[in-house]
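# Remarks on the overall topology
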Amino acid sequence: MAYATEEILLVLVLAGTVAVPAVTGISIAIAALVGIVIFSYVRTIYAYPMGGGGYRVSSDNLGSKAGRVAGGALLIDYVLTVAVSVSSGVLAIVSAFPVLTPYMVHLGIVATLLVAWINLRGTRESGVVFAIPTYTFIILISILIIGGIFRVFLGATPHTASHLPTSAPVEAFGLWILLRGFSAGCTALTGIEAIADGAGAFKAPEPKNASLTLITLGIILATLFVGTSWLSHQFGIVPLAVGTEGYKTVVAQIAERVFGQGPLFYLVQFTTMAILVLAANTAFADFPRLASFMAKDGYLPRQLANIGDRLVFQNGIILLAVAACLLIFAFHGDTHKLIPLYAVGVFTSFTLSQAGMVVRQVRQKSAKWGIVASFTGAITTGIVMVIILVTKFHAGAWIVVIAEAFLLMFFYFVRKHYDYLARRLNIGPEDHVLPVTGTVLLLVPPRIHKGILHAIAYARTISSDCRAIHITDDPKSTDEMKRQWDKFGGQIPLVILESPYRSLVDPLLAYIDEAVSEEPGHILTVVVPQAVAKHWWQTILHNNAATPIKLALASRKNVVVTNVRYFLE
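Criteria and cut-off values
- Residue indices begin from 1 for each chain and proceed along its sequence in written order.
- Residue-level local features of this predicted model are given only where pLDDT is at least 70; pairs of side-chain atoms are given and counted only at 80 or more, and the full residue set underlies all totals for whole chains, interfaces and linings.
- Working from all heavy atoms in the structure, the side-chain values ignore hydrogens and water.
- Put simply, DSSP marks the helices as runs of H or I at least four residues long and the strands as runs of E at least two long, and each gets a number from the N terminus on.
- Throughout, exposure labels follow a simple rule: accessible area from a 1.4 Å probe, protein chains only, divided by the maximum for the residue type, with under 20% read as buried, over 50% as exposed, and the rest as partly exposed.
- Should any heavy atoms of two residues lie within 4.5 Å, those residues are considered in contact.
- Values of accessible area rely on a 1.4 Å probe in the Shrake-Rupley scheme; residue burial ignores everything except the protein chains shown.
- Nonpolar core, defined: a set of buried Ala, Val, Leu, Ile, Met, Phe, Trp, Tyr and Cys residues in which side-chain atoms within 4.5 Å join the residues together.
- The predictor reports its confidence for every residue as pLDDT, a score running from 0 up to 100.
- Any two strands with at least two DSSP bridges between them are considered paired.
- Note on geometry: axes are C-alpha line fits, over the in-contact stretch for helices, and angles between N-to-C directions span 0 to 180 degrees.
- Whether a crossover is right-handed depends on one test, that the path from the first strand over the helix to the second runs clockwise when the strands point away from the viewer.
- One side-chain nitrogen of Lys or Arg within 4 Å of one carboxyl oxygen of Asp or Glu is enough to make a salt bridge.
- Pairs were defined over the aromatic rings of Phe, Tyr and Trp, the Trp ring being its six-membered one, requiring ring centres within 6.5 Å. Orientation was assigned from the angle between planes: stacked under 30 degrees, edge-to-face over 60, tilted for the rest.
- With respect to orientation, any angle under 35 degrees is reported as roughly parallel, any angle over 145 as roughly antiparallel, any angle of 65 to 115 as roughly perpendicular, and every other angle as oblique.
- What makes a crossing left-handed is the near helix being turned counterclockwise from the far one by less than a right angle; a clockwise turn instead makes it right-handed.
- Residue type decides the class: Asp, Glu, Lys and Arg count as charged, Ala, Val, Leu, Ile, Met, Phe, Trp, Tyr, Cys and Pro as nonpolar, and the leftover types, Gly among them, as polar.

## Quick look at the overall build of the protein chain
The secondary structure content of the protein chain amounts to 19 helices and 5 strands. Every one of the 569 residues in the protein chain was classed for burial, and the buried ones make up 52%. Contacts spanning at least 24 positions in sequence make up 78% of the contacts within the protein chain whose residues lie at least 6 apart. When the accessible surface of the protein chain is summed, it comes to about 27,700 Å², and 65% of that surface belongs to carbon and sulfur atoms.

Here it is as C-alpha cells:
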C-alpha cells in the first residue's frame, strides 16, 4: 500500500496531468481485486487448514509440474518482497532526512540483515517486535487520511494536480497507460497469500482465525490504499525520481500537506519505514516454510528442511537474506527499478492455486458457490497475470521469466539426484553386511614428539595391519628418524617415502593408490596427527597436514581419513 500508489502515479504522469485523476479509479479496481482474491483464498484456508498455499494446492490438484511452477514463482516473489519492502522503507526515512540519500543501499542491507536476525531468534521474539509498528502505522495512516479528507472538504487545498516537471516525457493517454498503471498498483496484493500459506501457525480453530485475519487485512489494505490514492490526486501530488533533490515519497508528500513539517510528519515517516522494513517479515516467515515443503518433496536441498535450535528454518532465512541483499545492491535500492520485476510471481501462484481449488471442489462435489468463487478468482488473477507480464515485460519482467525457468531446471536436477541417490542406497533382498578388513597408514611428522605417541597407540587398536608413513625431502635425516622410530614405534613398520619436490600430498597419494590396487576391497584408514592450539588465533602458526590430506583424499574410494588431535595446553 505504501508504495503502490506511487507506482501507479509514476506510470500515469507519462501521459501528463490529464491522466493523474485516474489513480483513484485504478486503486478502486485493485481494491475490488483484493476482495476477489481474499474471498477465493478463504476457500483455500478451509481446504488446507495446516497451510501449504499455492505450492501444495497446485501440486495436489494440478500435478507436480504445476506445483513446481507455483513454488518457484512464490520463491522469487518472496525475495522481491524483501528487497522492495526494505528499499521502500529506506526511501521513507530518506524523505525525512535527505542527507541519508547516498547511504540507501547500506541502510537497506543493514535493515534486511536486522530482520533476518530477529527471525533467527524465533517466532515469539519476532511477533512482539513486529506488532507495535504495525498497529502504529495503521492508526497514523488512518489519522492522515481522515485529516486529509477534512482539509479537502474545508477547501484548505486545491483540487488540481500540480504541473509535471518540464523534463517529464508525455505519452498518449489511453488503455495501455491504464493497464500499465493497474499492473504497477497490483504490487499492493503481494503478501495476501502469506496467511493462507501459514494458516497452520494460527491458534485453533486455525481456519476460522486465519480467515478472519485475512478478511481484516483485506479491508484495512483496501481502505488505506484507496484513501491514499484519492488524497494524492486531491493534493496534486506528483512522484519524484529517486535521488533527485528534495525527493519525497508520495506518502511523505501527503503527510507534509496534512501535518506540515512537524512531529507527526516525522512520526509518519518513521512508522512507514518500520512497517515496510518489517513487512519483509512476511517473506521471512513464508519463504523458509515453502522451501522446507519443497525440500521435503525433493526439489530443493534437504538442508532447507532443517529446523534450528530456535525452531525456525534457519537455512531458509539465511538464504533469503543473502538473495535480497544482492538484489538491493544490484538495483541500488531503487524501488522503481525493482517494481517491474514484482507481482508476476505472486499472481502466477494465485492463478494456479485457485485453479487447483476448482479441480479439488469439483472432484469432491462441493457447493457450487464455492466452485464459482474459486473459478472467478482463477480467471481474474489469470487475466491480471497476463496484463502484468505483458505491460512489464520490457521493463524487467523478462528477468523473472528467466529466473523461473532456471528454478524449474534446478528443481528437476535436484529431484533427479535424490531419486538416483535413493536407487543407489535403498537396501535390496540381495544386500547384506560384509566383513570389513583394512590397513592403517599412520602419517608420521618430521620428528617424533609427544603428540605422535597417542596416535601410535590409537593406530594399533584399529587393525593388526598397521604401517607408519614418513615423507621426507632430506635423505640425510632418515637415519635419525629410523633410530627414533625403533625406540617409540618399533612394533609398527616404518615406510619412508622420498619427496624431492617437497610435496607431502603427491607421494602419499601414489602410495595409497598402490596399496588400494594391491588389496581391493580393503578399507585404508589414514591416521593424521593434528595439533590443536590453546587459542584460536594461534592456529595460523601451525602447519597441520590434516586439511590438504582430507581434500586430496575426499574422492578416493575405500579410504578414510582420521584425525588424532593433540592439544597444546
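## Notes on the nonpolar core
In this structure, Leu189, Ile192, Phe284 and Phe347 are the most contacted members of the largest nonpolar core, which totals 118 residues. Core analysis: the next-biggest nonpolar cluster, separate from the first, contains 18 residues, Leu443, Leu508, Val526 and Leu553 among them.

## What to know about unusual backbone geometry
Within the chain, histidine 332 stands out as a residue other than glycine whose phi angle is a positive 60 degrees. Locating histidine 332 in the fold gives a position in the loop between helix H12 (314–330) and helix H13 (335–338). Positive phi values are uncommon outside glycine, yet lysine 365 reaches one of about 55 degrees. With respect to the helices, strands and loops of the structure, lysine 365 is situated in the loop between helix H14 (344–363) and helix H15 (368–425).

## Some thoughts on helix H10 (residues 250–259)
The buried fraction of H10 is high, at 7 of 10 residues. Three or more residues of H10 are buried, namely Val250, Val251, Ala252, Gln253, Ile254, Ala255 and Val258. Residue glycine 260 follows H10 closely and has a positive phi angle near 75 degrees.

## A closer look at the confidence of the model for the protein chain
In the predicted model, the protein chain carries a mean pLDDT of 82, and 90% of its residues have values of at least 70. Here helix H8 (residues 193–197) is the element of the protein chain with the lowest mean pLDDT, 71, and H12 is the one with the highest, 93. Here residues 159–168 is a poorly scored stretch, pLDDT under 50, and it has 18 contacts once near neighbours within four places are set aside; other chains count.

## Examining helix H7 (residues 175–185)
Taken as a whole, H7 has its buried residues at Ile177, Gly181, Phe182, Ser183, Ala184 and Gly185. Contacts made by the buried residues of H7 are with helix H1 (4–12), helix H2 (22–47), helix H9 (206–234) and H15.

## Focus: the sheet that holds strand E4 (residues 523–532)
With parallel pairing, the 5 strands of this open sheet are ordered in space as E3-E2-E1-E4-E5. Both edges of this open sheet fall to strand E3 (494–498) and strand E5 (559–567), since each of them pairs with a single strand only. For this sheet, the mean inter-axis angle between neighbouring strands, taken without regard to orientation, is 30 degrees. Sheet analysis places E4 next to E5, joined by 9 bridges and oriented parallel. Bridge pairing in E5 links threonine 525 to valine 560. Lying on the sheet, helix H16 (residues 450–462) is in contact with strand E1 (438–444), strand E2 (466–472), E4 and E5; it crosses E1 at an angle near 175 degrees. Here helix H17 (residues 478–488) sits on the sheet and contacts E1, E2 and E3; the angle it forms with E3, its principal contact strand, is near 160 degrees.

## Considering the pairing of E2
When you tally the buried positions in E2, you get 7 out of 7 residues, the bulk of the element. As paired elements, E1 and E2 share 5 bridges and run parallel to each other. Counted as the bridge partner of leucine 441 is arginine 467 from E2. Regarding topology, H16 serves as the crossover connection from E1 to the parallel E2, and that connection is right-handed.

## Some words on the pattern of salt bridges
On inspection of all chains with the given rule, the structure shows 5 salt bridges. When the shortest N-O distance is used, the salt bridge between aspartate 419 and arginine 415 registers 3.1 Å. Highlighted residues: aspartate 419 and arginine 415, both in helix H15, separated by 4 residues, approximately one helical turn. With a shortest N-O distance of 2.5 Å, arginine 483 and glutamate 480 are connected by a salt bridge. Here arginine 483 and its partner glutamate 480 are both found in helix H17, 3 residues apart, which amounts to about one turn of the helix. Given a relative accessible area of 37%, glutamate 480 falls into the partly exposed group.

## Section: the packing of aromatic side chains
Tallied over the entire structure, the rule returns 8 aromatic pairs. Geometrically, the ring pair formed by tyrosine 41 and phenylalanine 350 is edge-to-face, given 5.5 Å between the ring centres and 70 degrees between the ring planes. Separated by 309 residues along the polypeptide, tyrosine 41 in helix H2 and phenylalanine 350 in helix H14 bring together distant segments of the chain. Neither residue differs from the other here; tyrosine 41 and phenylalanine 350 are each classed as buried. Between phenylalanine 265 and tyrosine 266, the aromatic rings sit 5.2 Å apart at their centres with planes inclined by 80 degrees, giving edge-to-face as the arrangement.

## Here we look at the side chain of glutamine 253
On the secondary structure map, glutamine 253 appears in helix H10. Beyond its immediate chain neighbours, meaning those up to four positions away, glutamine 253 contacts Ile237, Val238, Pro239, Leu240 and Lys248.

## Considerations on the environment of proline 529
For proline 529, the location among the structural elements is in strand E4. On a C-alpha basis, the gap between proline 529 and glycine 451 in space is 7.1 Å, while along the polypeptide they are 78 residues apart. In this structure, proline 529 is in contact with Leu442, Leu443, Ile452, Ala455, Val564 and Tyr566, ignoring residues within four places of it in sequence.

## Focus: the packing of H1 against H7
Running from amino to carboxyl end, H1 crosses H7 at an angle of 160 degrees, the nearest separation of the two axes being 8 Å. Taken together, H1 and H7 sit at an angle that is classed as roughly antiparallel. Remark: the crossing between H1 and H7 carries right-handed chirality. Packed against H1, whose contacting residues are Ala4, Glu7, Ile8, Val11 and Leu12, the element H7 presents Ile177, Arg180, Gly181, Ala184 and Gly185 at the interface. Of the residues that constitute the contact of H1 with H7, the class distribution is 6 nonpolar, 2 polar and 2 charged.

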